[in-house]
Amino acid sequence: MKLFRKSHSVLLKNNLLPTPQDMTQDMLTPVLRVEQGAYSHPWLMGNFVDSIVSGYHMPVWWHGDELLCYLVAMRGADEVHLLNFTVAPAHQRQGLAQAMMRYLRDWSLSRGVHSIWLEVRASNQRAIALYVASGFVKDGVRPSYYPVHNGQREDAVVMSLNW
Ligand SMILES: CC(C)(COP(=O)(O)OP(=O)(O)OC[C@H]1O[C@@H](n2cnc3c(N)ncnc32)[C@H](O)[C@@H]1OP(=O)(O)O)[C@@H](O)C(=O)NCCC(=O)NCCS
């Protein structure tokens, strides 16, 4: 694990992520394992299958057999909607999310798109801090958008990055 972290941090220091692979259905066992460890309300198998079938952009980063992180992005005419953005719990706080965000911005730009937007749970302060640090601004709130436990609901914060 020490060796892994060392080579991993060298990659990030040089502002590089490994080359991603497009998510395929045969990756869904490790993807779902990470998803369930990362969220209180994880996506289900069907959400990933539908996204793959819809042709969404779904890069997955690996270090050998170990899944580091992935995202799901839907491209519209003038904007990209970020639907899922996840770093495996064992690899958080090492700059991977910031590197993924740089990747997504470059990917969008190379397709002539200058805007990314997303919804995030109002209680997800880690993610909101990341998005603010990446230049996103808050556009509004969708009240009671997400389920919580015991039939309660919580707001979604809508954020966007335009450049
Ligand atoms: C949110 C998430 C993507 C951040 O990934 P990460 O690789 O740990 O983030 P990074 O190491 O690149 O950190 C980037 C910035 O995010 C913020 N951040 C990340 N983790 C944080 C934490 N535990 N507490 C506070 N801020 C945090 C900070 O601004 C940080 O910058 P800093 O390290 O200079 O302070 C990751 O925690 C995650 O996958 N969480 C579960 C899934 C999720 O909530 N996804 C977002 C759905 S909208």
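Attention shifts here to the nonpolar core. If you look at the biggest cluster of nonpolar residues, it comprises 29 residues, and the most contacted ones within it are Phe85, Leu104 and Tyr131. When residues of this core are traced back to their parent elements, those giving at least two are strand S3 (66–75), strand S4 (80–87), helix H4 (96–110), strand S5 (115–121), helix H5 (125–133) and strand S7 (153–162). For this core, the leading source of residues is H4, giving seven residues. When residues no more than four places from it in sequence are discounted, the contact partners of Tyr131 are Phe85, Met101, Leu118, Val120, Phe136 and Met159. With 15 residues, the next largest nonpolar core counts Met27, Val34, Phe48 and Trp62 among its residues.

What follows deals with the site of the ligand. Close to the ligand lie 19 residues, the nearest being Phe85, Val87, Arg93, Gly95 and Asn124. In the model, an oxygen atom of the ligand is placed 3.1 Å from a nitrogen or oxygen of the Ala97 main chain. Here the ligand, which alone exposes 910 Å², has 77% of that area covered by the protein. When atoms are counted within 2 Å of each cavity's grid points, the one that captures over half of the ligand is the largest pocket. Counting residues per element, the ones that place at least two in the shell around the ligand are S4, H4 and H5. Counting residues per element, the shell around the ligand draws most heavily on H5, at five residues.

Our focus in this paragraph is the pattern of salt bridges. Tallying each qualifying case throughout the model produces two salt bridges. Residue Glu119 is joined to Arg142 by a salt bridge in which the shortest nitrogen-to-oxygen separation is 3.1 Å. Here Arg142 lies in strand S6 (residues 137–147) and Glu119 lies in strand S5, a separation of 23 residues in the sequence. Taking relative accessible area as the criterion, Glu119 reaches 18% and is therefore assigned buried.

Rules behind the numbers
Residues numbered from 1 in each chain as written. Predicted model: local features only at pLDDT ≥ 70, side-chain atom pairs only at ≥ 80, totals over all residues. Heavy atoms only, no water. Core = buried A, V, L, I, M, F, W, Y, C linked by side-chain atoms within 4.5 Å. Buried < 20%, exposed > 50% of the residue type's maximum accessible area, 1.4 Å probe, protein only. Helix = DSSP H or I, 4+ residues; strand = E, 2+ residues; numbered from the N terminus. Contact = heavy atoms within 4.5 Å. Near = heavy atom within 4 Å. Polar contact = N/O pair within 3.5 Å; in protein donor to acceptor, adjacent residues only side chain to side chain. Areas by Shrake-Rupley, 256 points an atom, 1.4 Å probe, with all protein chains shown as cover. 1 Å grid on protein atoms, 1.4 Å probe; cavity = no way out; pocket = protein on both sides within 12 Å on 5 of 7 lines; lining within 4 Å. Sits in = over half its atoms within 2 Å of the grid points. Salt bridge = Lys/Arg side-chain N within 4 Å of Asp/Glu carboxyl O.

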